[in-house]
Amino acid sequence: MEAAAHKEYLAGLLAGVATVITGLPFDTVKVMMQKHNTETHGIKYRNGLHCTARILQTEGVKGLYRGATSSFIGVAFESSLLFGIYSQTKHSLQEGKNSDVPNPRVIIPSAAYSGAIISFILCSSELVKCRMQVQGTDSLIPKYSRYSGPLDCVLQTVKHDGASGIFRGGLATLLRESCGNAAFFSVYEYVRYYMHLQLKSSSSNHSHLTDMGIGILSGGLGGVAFWSAVLPLDVAKTIIQTAPDKSSTRNPFRVLNSESWN
């Protein structure tokens, strides 16, 4: 494997760790709202601030980092593989010709393929994370049946649902990651390319700090594109993975259809 490929995997790993550290509190609030605001009984959160305030009031800051262990393991490896596989697939589709000009016929299949591959790893860690996140503040789950930690969650899930239970929500995860990453990398590649193009035309010299700023902006806009494209699928995934009844539907489109009538 070439040194450049190693760099992509390492960069993805570090990006995954940074994502968990900075993003898990937001993710906890997202999952809590998706769970509670789609249930018939229990508290309904008015907005993200209301949900955050409830968590801080009852559990403190640690409540926002519930499910952190599985997130660190899952997201770190997922991000590493995502960037590495995407880079290698893109290089293969370009037939070894390195071009800075974004090509949607290369970007979209490369991103969708890498997203589909990592979904098989991400599904189980996401299931554990979501189940840990929803058993805290305002949870209707009895305390005696709550998980003591991520490992207990895995063992109890396998015990009650079988080995396939840990991959519950696999279809929703696959669709979210393949479609979402196609949107992410499309926006990321185009924004980064045109910003560098503007810099080259206006000035021949720019610092590493400028490159970092372009990377942050490109990644941020790519993230907006990701969630704008697949948020409904993510809602369905949360509902499927946290459903107490193992016989409930695993079809994300049926879940979304039923929620639209509630």
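Residues numbered from 1 in each chain as written. Predicted model: local features only at pLDDT ≥ 70, side-chain atom pairs only at ≥ 80, totals over all residues. Heavy atoms only, no water.

Undergrad: What should I look at first to understand the overall build of the chain in this one?
TA: The secondary structure content of the chain amounts to eight helices and zero strands. Going residue by residue from the N terminus, the α and β elements of the chain occur as α-α-α-α-α-α-α-α. Here the chain has a C-alpha radius of gyration of 20 Å; the compact-globule value for 262 residues is 18 Å, and the two agree. Principal-axis analysis of the C-alpha atoms gives the chain an extent of 65 × 35 × 35 Å. Relative to its full complement of 262 residues, the chain shows a buried share of 43%. Residue pairs in contact within the chain that sit at least 24 positions apart in sequence constitute 75% of those at least 6 positions apart. (Helix = DSSP H or I, 4+ residues; strand = E, 2+ residues; numbered from the N terminus. Rg over C-alpha atoms; globule rule 2.2 N^0.38 Å. Buried < 20%, exposed > 50% of the residue type's maximum accessible area, 1.4 Å probe, protein only. Contact = heavy atoms within 4.5 Å.)

Undergrad: Help me out: how do you make sense of the nonpolar core in this one?
TA: A general tendency of soluble globular proteins is for nonpolar side chains to be buried together. Counting residues in hydrophobic clusters, the biggest one holds 13 residues, and the most contacted among them are Y86, F184 and F185. Where this core is concerned, the elements lending two or more residues are helix 3 (68–93), helix 4 (104–133), helix 6 (170–202) and helix 7 (208–242). (Core = buried A, V, L, I, M, F, W, Y, C linked by side-chain atoms within 4.5 Å.)

Undergrad: What's the story with the packing of helix 4 against helix 5 (residues 150–161) in this structure? I'm lost.
TA: The packing of two helices is summarised by the inter-axis angle and the distance between the axes. Taken N-terminus to C-terminus, the directions of helix 4 and helix 5 make an angle of 105 degrees; their axes are 10 Å apart at the nearest point. Judged by the inter-axis angle, helix 4 sits roughly perpendicular to helix 5. Touching L127, V128, R131 and M132 of helix 4 are P150, C153, V154, T157 and D161, all from helix 5. Of the residues belonging to the contact of helix 4 with helix 5, the class tally is six nonpolar, one polar and two charged. (Axes fitted to C-alpha atoms, helices over the stretch in contact; angles between N-to-C directions. Parallel < 35°, antiparallel > 145°, perpendicular 65-115°, else oblique. Nonpolar A, V, L, I, M, F, W, Y, C, P; charged D, E, K, R; others polar.)

Undergrad: Mind showing me how you'd approach the environment of L231 here?
TA: Examined against the element boundaries, L231 turns out to sit in helix 7. Each C-alpha atom of the pair L231 and C153 lies 25 Å from the other, and the pair is 78 residues apart in sequence.

Undergrad: Would you take a moment to explain the pattern of salt bridges for this structure?
TA: One side chain can pair with another of opposite charge once the charged atoms of both are near each other. Inspection of every chain in the model, using the stated rule, returns ten salt bridges. Two residues, K129 and D27, come together in a salt bridge whose shortest N-O distance is 2.6 Å. One end of the pair, K129, is in helix 4; the other, D27, is in helix 1 (residues 3–36), and 102 residues separate them in sequence. For K129, a relative accessible area of 3% puts it in the buried group. Given a relative accessible area of 17%, D27 falls into the buried group. Close ionic contact of R176 with E126 constitutes a salt bridge, the shortest N to O distance being 3.4 Å. (Salt bridge = Lys/Arg side-chain N within 4 Å of Asp/Glu carboxyl O.)

Undergrad: Would you explain the side chain of T89 in this entry?
TA: Its location among the elements puts T89 in helix 3. The class for T89 is buried, based on a relative accessible area of 16%. Beyond its immediate sequence surroundings of up to four residues, T89 is in contact with S110 and Y113.

Undergrad: It is not clear to me how the packing of aromatic side chains should be interpreted in this structure. Could you clarify?
TA: Describing an aromatic ring pair means giving the distance of the ring centres and the angle of the ring planes. Across all of its chains, the model carries eight aromatic pairs by this definition. Where F83 meets F185, the ring centres are 5.6 Å apart and the plane angle is 75 degrees; that geometry is what we call edge-to-face. Within this pair, whereas F83 is found in helix 3, its partner F185 is found in helix 6, the two being separated by 102 residues in sequence. Overall, the relative accessible area of 1% leaves F185 in the buried class. Taken together, the aromatic side chains of F83, Y86, F184, F185 and Y188 make up a single cluster linked through ring pairs. (Phe/Tyr/Trp six-rings, centres within 6.5 Å; stacked < 30°, edge-to-face > 60°.)

Undergrad: Any chance you could explain the packing of helix 6 against helix 7 here in plain terms?
TA: Their axes nearest at 8 Å, the elements helix 6 and helix 7 cross at an angle of 165 degrees. One element, helix 6, and the other, helix 7, form an angle in the roughly antiparallel class. Crossing geometry of helix 6 relative to helix 7 is assigned as right-handed. Across the contact of helix 6 with helix 7, the residue classes break down as 20 nonpolar, eleven polar and six charged. (Left-handed = near helix turned anticlockwise from the far one by under 90°.)

Undergrad: What is the right way to look at the environment of H196 in this model?
TA: Mapping H196 onto the fold places it in helix 6. Sequence separation between H196 and I214 is 18 residues; the distance between their C-alpha atoms is 7.9 Å.

Undergrad: It is not clear to me how the side chain of E78 should be interpreted in this structure. Could you clarify?
TA: For E78, the location among the structural elements is in helix 3. For the buried E78, no salt bridge is present, and the opposite-charge side chain at shortest range is R176, 6.9 Å distant. The contacts of E78, once residues within four sequence positions are left out, are I118, L122 and E177. (Lys, Arg positive; Asp, Glu negative; His and termini not counted.)

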